[in-house]
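Below are the chains, spelled out letter by letter.
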Amino acid sequence: QVQLVESGGGLVQAGGSLRLSCAASGDTFSMHVMGWYRQAPGKQRELVAGITRGGTTNYADSVKGRFTISRDNAKNTVYLQMNYLKFEDTAIYYCTAGPYSVEKYWGQGTPVTVSS
């Protein structure tokens, strides 16, 4: 069982930066894969980025070169550094985790709003 709590969302102007944090607690085996999803109104849920305990990462094409996912295994914390933000990045961002895939456990989400 894993508990995920996101923080760091807010309002930012286009071109700006924001860092999201996800504090995890529980079974560390269930945190082998962690990541960030986002959900915007009228759009499908999208996997933004994922990372394994060993540091292997993957990103959605829409955020490559702008976002960076990282994790501190000692602190059970995952981060999403978002740079050069666009209006299209506006969404609720969810921290996710799982032992084999990224989507078994979900946080409550933190909203990110990018003004144009």
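Along each chain, residue indices are assigned from 1 in the same order as the chain's sequence is written. In keeping with the predicted nature of the model, local features appear solely for residues at pLDDT of at least 70, side-chain atom pairs appear and are counted solely at 80 or more, and the whole-chain, interface and lining totals rest on all residues. The basis for the side-chain values is all heavy atoms of the structure; hydrogens and waters are excluded.

The next point concerns the packing of aromatic side chains. Within a pair of aromatic rings, the relevant descriptors are the distance that separates the centres and the angle that separates the planes. Each Phe, Tyr or Trp ring (for Trp, its six-membered ring) is paired with any other whose centre lies within 6.5 Å, and the angle between the two planes then decides the class: stacked below 30 degrees, edge-to-face above 60, tilted in between. Scanning all chains against the criterion turns up 3 aromatic pairs. Considering the side-chain rings of Phe-29 and Tyr-100, the 5.9 Å spacing of their centres and the 80 degrees angle between planes classify their relative orientation as edge-to-face. Here Phe-29 is found in the loop between strand E3 (18-26) and strand E4 (33-39), whereas its partner Tyr-100 is found in the loop between strand E9 (91-98) and strand E10 (105-106), with 71 residues between them in sequence. Relative to Trp-106, the ring of Tyr-37 has its centre 4.9 Å away and its plane inclined at 40 degrees; by these criteria the two rings are tilted. Here Trp-106 lies in strand E10 and Tyr-37 lies in strand E4, a separation of 69 residues in the sequence. In this structure an aromatic cluster arises from ring pairing among Tyr-37, Tyr-94 and Trp-106. Above the plane of the ring of Tyr-37 lies Arg-45, whose end atom (NZ or CZ) is 5.6 Å from the centre. Secondary structure is summarised from DSSP: a helix means a run of H or I of at least four residues, a strand means a run of E of at least two, and numbering begins at the N terminus for each. Charges are assigned to positions over rings by a cutoff of 6 Å between ring centre and Lys NZ or Arg CZ, combined with an angular limit of 35 degrees from the ring normal.

In this fold, Ser-30 is placed in the loop between E3 and E4. Summary of the burial criterion: residues with accessible area below 20% of their type's maximum are buried, those above 50% are exposed, and those between are partly exposed, where the area comes from a 1.4 Å probe applied to protein chains only. The buried category is assigned to Ser-30, whose relative accessible area is 5%. Two residues form a contact once any of their heavy atoms are found within 4.5 Å. Not counting residues up to four positions away in its chain, the partners in contact with Ser-30 are Gln-1, Val-2, Ala-97, Gly-98, Pro-99 and Tyr-105.

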